[in-house]
Structures are given as structure tokens and as C-alpha cells.
Amino acid sequence: MKLKYIIIGVVMLLTAFFPFFTPNNYYLHLIIMIMIYSVSAAGLNLMMGYLGLLPLSVAAFAGIGAFTSANLMIRYNTPFLIALLAAVLLAAVVAASIAVPLLRTRGIFYVIGTMFFQLITYELFLNLVEITGGSIGLRGVPKPELFGYSFSSILELYYFILLMTVATHSTIYLIVKSDFGRSLLAIKENEVKAISLGLNPYTHKLFSFSISMAIAAISGALLAHYLSHISAENFSLLQSIDVFLMVTIGGPGTFYGPIAGAVIWTIVMEVLLSFRGLRELLYGVVLVILMLIIPKGAIGFPMMNMRKMLRTLPIRKFVSAIFK
Amino acid sequence: MEILNVLNINKSFGGIKAVNNLSFAVEQNTITGLIGPNGAGKTVTFDIITGFTKPDSGKVLFKKQDITNKQPFEIARMGIGRSFQLVKLFPQMRVLDVLLFSSQNKLLQHEFRLSPKSGRFKAIENILTSLNIENLRDKICGELSYGEQKLVEVASLLVMQPTPEILLFDEPTSGLSESEINNIINIFQKLRERNFTFLIIEHNMSFIMNICDKIIVLNYGSKIAEGKPQEIKQKKEVLEAYLGESENA
Amino acid sequence: MLQAVVNGVVNGGLLALMTLGLSLIINTSRIPNFAHGGFFTWSAFITYNLITVYQIDMAAAVILSVLSITAIGIAVERTIFRFLRGAREETIFVAATGLLIAFTNGALILWGDWPRVIPNPLSNTVIDVFGGVSLTIFRLIMLGTVAATVIVVSIFLKYTKMGKAIRAVYQDATFSRLVGIDSDRIILLTFAIGTFMAGLAGSLAGLEFAISFDMGIPITIKAFLLVIIGGTGNLLGTVIAAIVFGVVDSLTITYITSIYNNAVVFTVMMLILLIRPHGIFGREVRRS
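Quick caveat: nothing in here was measured; it's all calculated off a predicted structure.

Conventions we followed
- Residues numbered from 1 in each chain as written.
- Chains lettered and ligands numbered in written order.
- Predicted model: local features only at pLDDT ≥ 70, side-chain atom pairs only at ≥ 80, totals over all residues.
- Helix = DSSP H or I, 4+ residues; strand = E, 2+ residues; numbered from the N terminus.
- Rg over C-alpha atoms; globule rule 2.2 N^0.38 Å.
- Contact = placed C-beta atoms within 7 Å.
- Nonpolar A, V, L, I, M, F, W, Y, C, P; charged D, E, K, R; others polar.
- Core = buried A, V, L, I, M, F, W, Y, C linked by C-beta atoms within 7 Å.
- Buried ≥ 20, exposed ≤ 12 C-beta atoms within 10 Å, placed from the backbone.
- Pairing = 2+ DSSP bridges.
- Axes fitted to C-alpha atoms, helices over the stretch in contact; angles between N-to-C directions.
- Expected span 1.5 Å × (residues − 1).

Enquirer: Which parts of the structure should I look at to understand the overall build of chain B?
Expert: When helices and strands are counted, chain B shows nine helices and 10 strands. Radius of gyration (C-alpha) of chain B: 18 Å, near the 18 Å computed for a compact globule of 249 residues. Counting only C-alpha atoms, chain B reaches 55 × 40 × 35 Å along its principal axes. Partitioning the contacts of chain B with sequence separation of at least 6, the portion at a separation of at least 24 is 66%.

Printed below as a string of C-alpha cells:
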């Protein structure tokens, strides 16, 4: 137990003082991207790890958050915090509305339904040129500002996003450790039993979906104001799969899992950024491999830690069976 | 007072009539048994009472209130607790977490940080002690023996908030050893003293005869007998219904 | 307008092949094979390669492509999907999605992202069929091939021993197992047939229309949804549904808008999906 806290403390210190040690800005950029992705990964984890459902709509809601916040600041000079709040609320409302019909779906239908929403939203992002800039995208998204102070240099952005990330993760922590988080787990483990103990599954599924997608919206808004140039391409099905991979690799159902997954996968993404096609090919392959080696292919149940996993029999069985 | 009334319930699945014009009442603070051969419609009746299945016709009244069309979680919140034929717990959760979940008043309560000194914790500790399973507190449900799981299931019903007034048990002794069964008998008797009402499905005849105030007998979805254990033992129809059925211990 | 309808029928025919194959796979092999379009795409590219690089004649190229795609399909089933049996639906679906992505981007790497066209003399000659409607000869051939395939498959399913076994599993997998039907072979066979049809559709499509690395994605989505919405119905119904869909799609593009076309299609399908949330493997499951 204690070791965990020491590690966390060290990581936090490192992150806080990181800018002082790095030779160039690129690494700051990398860490910023990791932080932003970790937020949406943590949000998705609420659904995947705690509730046991797999929505593929994370990027769509990130986009909603991004374009809403960006447009409010560009067109109406809304202060950042208010724009952010509006973006989050809008995302939550939209999420709640599609959550209602989705309530009746199970398993794969849920996945497909959310995937459809993602695809539809992507098409809308591409075509509503007024709001999103179409395929070219939106340029000149203002940097975030608080009470008149604008975070414009990369160093300032780094600390601002660090602050927002820590704040969001802390909120998620509270949610997860509360009765609500426990109820979600109960639904995942045995929904019938949970209902027989008085739990209303509909409200819980509705809330957790709305919260989860609202968190995605936060990460989208952060991305928008950091990059200053966003387009539909930032919020497609591929990004939803990115976040899914982060949660799966890091370990769904744990609090720190998504963060670890974000670190790993963001680095992988950045490394492969220059190889178009190869990067996506890797996605496909990684997806398949992951599904094969997760114990009994159970999404949403914590993967064994890396060491144990590498020693797992299924891989040996698999390899020997192919080469039989 | 009659705390539970089942009135003219009918339920068919496909072409099969699972429950046929069933009516009975359960008196408060009693232990009522529901017996019958396999397939007689006992579990379906439980499902109907607790709202997991809607009857084709008929009504269920709880404390004179019509609960026939209510959602199962609503019914649970009104004070009806039930167990399941195959123990249902949460495989990866700790026993303590299960009880914390169960002890949350789902309608009124939502706590962020539970301190170990809080009332909920104390209530859980009391229940664990009275059932003699404090040692299981931090164990994961999936690692418990079948008998231990059944006890945790009982505990989960007892810590419900609001406290259930009637407990429906579906084959509580199945899969248990003799000492475990005696333990259950003790527990049920102690609970009856504390004003709980019981409706129990069982195949274990000695258990039923021992503990029940009244027995209802089902066969092919219909009630074929109702009365005190001694009366039921003599009834011809009951013996006939069980002929060909191997006695279950 | 009739022209649009007829074009729709042609597209619908291709979609019907895909949907039929996918329906067999999903309902009989029980694999939510979202990678179906990957086979479609690769078959088209392989045909392209055979004809342009190796100068193989058209009919032979089609046959070779379809056979090799079927072989790839069998390999995929034997390695990947066989190991996933018993896993949750979502897991298999995600793996299939990964496969689709892998196929798509493999094509991207191998052939780049500019559309290819296979020189096809039969695509250039246009015939007036009736009332102002014209079709290229090849499209007529396509229609004929689709019809022939559907008929052959129907006969196979109805009259051969294997076919009847497949139909039995299609209707009720549990019962079939009790009756002793070897499910492993059936799964392999249906996957092979389904992939065969995807390969045929892809090869034909490649000969008439432009080929691009992502051509498999929209058709996978549409076929997938048609199968799900169709439920476990009769196969002929699936074919008709696909053709109707093709016609509606074509009319929408021509008369309403071609920009929001995808969004509209997806929205409609999502709505239908949400109104009919049964499991693929299912009739409604009784609760508790």
C-alpha cells in the first residue's frame, strides 16, 4: 500500500518539475498530450472498468466539447471557464439524450450504437463548416485564460493543463470511491442482484454515461485551446479506439490504469505519427492481439499486471497451436 | 396482518402455463414454506412477487399496496428482500464492499467518503458478528466457499436500507452441509424473533417441517394444498405429487 | 429517376452478396465479423494486381482473387476467431474491428491512397436497356452473377446435406449440437462461404468501380446493420432488403443530397437499431 503512494508522489513531483529538466519543448508537448488523453481515458474507464459497457463515442464528445468551447471563445469572447462549463454541460445533455435509447441495448448492440453516434458526429463535424471549419478545421482557437491572464507560452500551458488534469482526476477519484462508484461495480458484477438490492440501473447507466462523456468533452476542450487548430480529424472513430486502447492496456477498473495506458499509448502514437498507414495498421494488430490475450477476452475486467500476463499460458498455447 | 397477498396470479411462457390462478397470503412475522416438485412454478412466483417477471393477470399486494407493476428495484426498496436459487453475489468485490453497497439507502443516501466510524459501518459489523462471519469481511466473494457465500447473501439482505420486512429465500439450504443447515435454522429462528417475515422455497423436507408455521404446496403451477406442516404431511395430493420425485436432502 | 433506381439495384446487388455472406457468418458461425469489408477490399486489389501487373484475363483473375480471399478467410477463422470462441460478443467484435483496420491500412500501405481503376472493356460499352435506362455490359454481368450466386447458394442450403446442417445451426444452434451436428466444421464452412461472397462482391466491384483502400468500410457498416436489423430471418428476405436499401441510397444521393448522405444513412440505421435492441443471437431473452 505504502509503495503505491510513494510512486504516485514521485511521479507527481517529476511531472511538476519536468519542464526544468528537459532539453527542448517537444517533451513538454508530449507530456501535455499524455495528460489530455489521460483525462478522456479516465472518463472512459468509468464506463468500461466500472460499469462494464463499451462506448466508442469518446472522440465524438471530445469534439463536441472542443468545438463548443472554441466557438464560444472565438465568436462571443466568452471567458474560458464559462466556455468550458458550457461545453461540458452541452456534452452531458447530448450524452443523456442518447443514453436513454441506448439503455435498452445490450453488449454488442451498445457498442455498435455508440459507434454509430461517433460516425454520425464525425460526418457532422466534416460538414457543418460554419462551426467546425470542415475538413480544414478551426484555426485561431484562443489560448485558455483565467481572470484575464492568458496561458500562451508552452510552459504556461503545461502547468495550466497539469492543473486541470489533476483537478479532473481528483474529481473522478471522488466519484469512483463513493457509493456511486460502488454501485457501478455492482451493476457490472451482477446486475440482477444489484437490482434486487434496490438499485435503479437506469439512472446509474444514464449518469455514468453522461459524466463519462462530459469528461471526454473536457479533454476535447483542453486539446482545442492547446493546439489552437482543430478539425474533425482529431475526433474520429480512430481516436475513440485510441482511448479504448489506453484503458485496455493500462487496466480497466483501476484508478491509475488509464493513466498508465495513456502514457504508454501516447508515446507509441507519437513515435508512429510519421508513418501514415503503419500507425493505423498497428492499431488493428494491437486490437486483435489484445482481445486474444485478455483473460477470457473479457473487456472491462482488469487485465493481470504485465508481468503475470506475459507468463500466461494462453499465449504459449496460441503459438504452439498455430505452428502445430 | 397479512403482509403479502398473492391474488389469482397467472403466467405462461410460450405454450407452458407456469403459474395457474395462484392465490395465497403470508402473515406478518411468520415463516411460510413454498414447496412442490421441480418445475412447479415456485421460482416464477418469486420472480412475480419481486417484480422480475410480470404476471399475465392477477395482483400482488404488499402491506395492502398493489406492487404488481412496479419495477424490481422499487419493490426491493419497499422492504422485500430475496435470495436466488444459485447464490448471486459479486465475484470480484470484497464482502465489505458488497455490504456497503447493500446498506446504502438507494433513494436517500449517497456518501462520498465513508469513515469507518459511521453508522453504516457499525451496522455492517453487527450483522457480520451476529452471523459469525467477521472473518470474511475482507475476502473477495469469488474466493468464498458455497456455504460462506450463502451466509454473505443473507447478510446482504439484512443490511438493506430500509430494512426489509419480508425475506424471500429460494432454496436456502441447497448445497449446504448438515452443520451449515443447522446454522441457517438458528439464524432464521433468531430473525423471526426480530420481527422478520419469511417465505421460503425449499426441497429439504425436514428443514421445512422443522421451521415453518405454514406450508403452501404447488404442482404444475397450481396450489394443491395449504396448511400447517403436520396437516400437509398427511395430505394425499402432496404425496402423489412427490411420487417419482427423488427426495432431496 | 428510373436510372437512379436501376443503379441502386446494381449497388444493392453487391450489397446483397455482402449481406448474405455476413448473415451466414453472424447467424451461423456466431461471429460478429466486422472485418467482412476487409475481404471485400483486398479481393478488389488482388484482382487489380492480377490484371494490371500480371495481365491475367478477367475471368481467371476473378476466380483466383475469390479463391485466395476465401483461403485468407479460412486462415483468419482458424487462427483468430477460433481462439475467441466463448469470449464476450464485444471482445470478438473489437477484434474484428481491429482486423478491418489492419486490412484497410495494409491496403493503404501496399497500394497507397489514390484510387485505382481496373481497365475493363466491358465497362465502357453501354447498352440501352429500356425506357431511358442504360447500363454497362459489365453491370449486367454483375447482376447476373449476383442472381446466379444467390440461386446456387439457396439450392446448396436447401438440398445438400451440408446445407441443411448449416440451416439447422442457423435456426437453432443448441438443438443442432444435441442432434450431433459438428459445429466446428459448420462454423468453418459458413465462414468460408461468407468470405467467398465478400470476395466475389469485391472483385466485381473492383472491375466496375474505382478501388480505394477504404472502400470496405461503408459497405461493412451497411451490411452489418442489414443483418442485425433483419434478424434471423430467411435469407431471401435479406437479399431483398439489401436491394431495397441500395435503391433508397441511390435515390437519396441523386435527389436529396450527397453531402450528408452518410450522416443520414447512419442516423437512420442507428434509429432502427435502437428501436430493435435484440441480441444478434436472439429472440428476446426472458429476464431472471
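Enquirer: So what exactly am I meant to see when it comes to the interface of chain A and chain B here?
Expert: Where the parts come together, the accessible area they lose is often given as the size of the interface. Of the residues lining the interface, 18 residues belong to chain A; the matching set on chain B comes to 24 residues. Within the residue set of the side of chain A that touches chain B, elements represented by two or more residues are α8 (179-189) and α9 (191-196) of chain A. With seven residues, α8(A) is the single largest residue contributor to the side of chain A that touches chain B. Its residues placed into classes, the side of chain A that touches chain B shows eight nonpolar, six polar and four charged.

Enquirer: Whenever I open this one, the interface of chain A and chain C confuses me. Can you help?
Expert: Counting residues at the interface gives 37 residues for chain A, matched by 36 residues for chain C. Contributions of two or more residues to the side of chain A that touches chain C are made by α4 (80-102), α5 (107-127), α13 (278-293) and α15 (313-322) of chain A. Looking at side-chain class alone, the side of chain A that touches chain C contains 25 nonpolar, seven polar and five charged residues.

Enquirer: Sorry if this is basic, but what is going on with the nonpolar core here?
Expert: Here is a general trend for soluble globular proteins: nonpolar side chains tend to be buried in one another's company. Ranked by size, the top nonpolar core spans 261 residues in total, and within it Ala91(A), Ala217(A) and Met18(C) carry the most contacts. In terms of residue count, helix α2 (residues 25-51) of chain A provides more of this core than any other element does, 15 residues in total. In this structure, Met18(C) is in contact with His36(C), Phe40(C), Met197(C), Ala198(C), Ala201(C), Ile219(C) and Ala223(C), ignoring residues within four places of it in sequence.

Enquirer: Explain the sheet that holds strand β3 (residues 31-35) of chain B here, please?
Expert: Within a sheet, adjacent strands bond to each other through the backbone by hydrogen bonds, running parallel or antiparallel. Residues and elements named next belong to chain B. In space, the six strands of this open sheet follow the order β6-β7-β8-β3-β9-β10, with mixed pairing throughout. Strands at the two margins of the open sheet, each flanked by one partner only, are β6 (80-82) and β10 (222-227). Going from strand to strand, the sheet's axes swing by 15° on average, the running direction of each strand aside. Pairing of β3 with strand β8 (residues 197-201) involves four bridges; the strand directions are parallel. Among the inter-strand pairings, Thr32 is bridged to a residue of β8, identified as Leu199. Contacts between helix α1 (residues 42-49) and the sheet are confined to β3, β6, β7 (166-170), β8 and β9 (214-219), with β7 contributing the most and set at about 150° to the helix.

Enquirer: Would you mind going over helix α2 (residues 36-52) of chain C with me for this structure?
Expert: It helps to recall that an α-helix has 3.6 residues per turn; residues three or four apart then point in one direction. The end-to-end C-alpha distance of α2(C) is 25 Å, a good match for the 24 Å that 17 residues give at a rise of 1.5 Å each. Judged by how many residues are buried, α2(C) sits mostly within the fold: 15 of 17 residues are covered.

Enquirer: What is the right way to read the sheet that holds strand β5 (residues 65-66) of chain B from this model?
Expert: All names here are of chain B. Spatial strand order, β2-β1-β4-β5: four strands in an open sheet with antiparallel pairing. The sheet is open, and its two borders are formed by β2 (16-27) and β5, each paired with just one other strand. Pairing geometry for strand β4 (residues 57-62) and β5, over two bridges, is antiparallel. By the bridge assignment, Phe62 is partnered in β5 with Gln65.

Enquirer: What am I meant to see in unusual backbone geometry here?
Expert: For residues besides glycine, phi is generally negative; the peptide bonds are generally trans as well. Put simply, Gln161(B) and Pro162(B) share a cis peptide bond, and its omega is 0°. By the element assignment, Pro162(B) lies in the loop between α5 (146-158) and β7. Notably, Asn77(A) is not glycine yet its phi reads approximately 55°, a positive angle. Relative to the elements of secondary structure, Asn77(A) occurs in the loop between α3 (58-76) and α4. Given 9 C-beta atoms within a 10 Å radius, Asn77(A) is considered exposed. Positive phi, normally seen in glycine, also occurs at Lys64(B), with a value near 70°.

Enquirer: How do you make sense of the pairing of strand β1 (residues 2-13) of chain B when you look at a structure like this?
Expert: Consecutive side chains of a regular strand alternate in pointing toward one face of the sheet and then the other. All names here are of chain B. In this sheet, β2 lies alongside β1 in antiparallel orientation, the contact comprising eight bridges. Bridge pairing in β2 places Ser12 opposite Lys17. What sits between β1 and β2 in their antiparallel hairpin is a turn of two residues, with Gly14 showing a positive phi close to 65°. By the bridge criterion, five bridges tie β1 to β4 in an arrangement that is antiparallel. Across the sheet, Val6 pairs through a bridge with Val60, a residue of β4.

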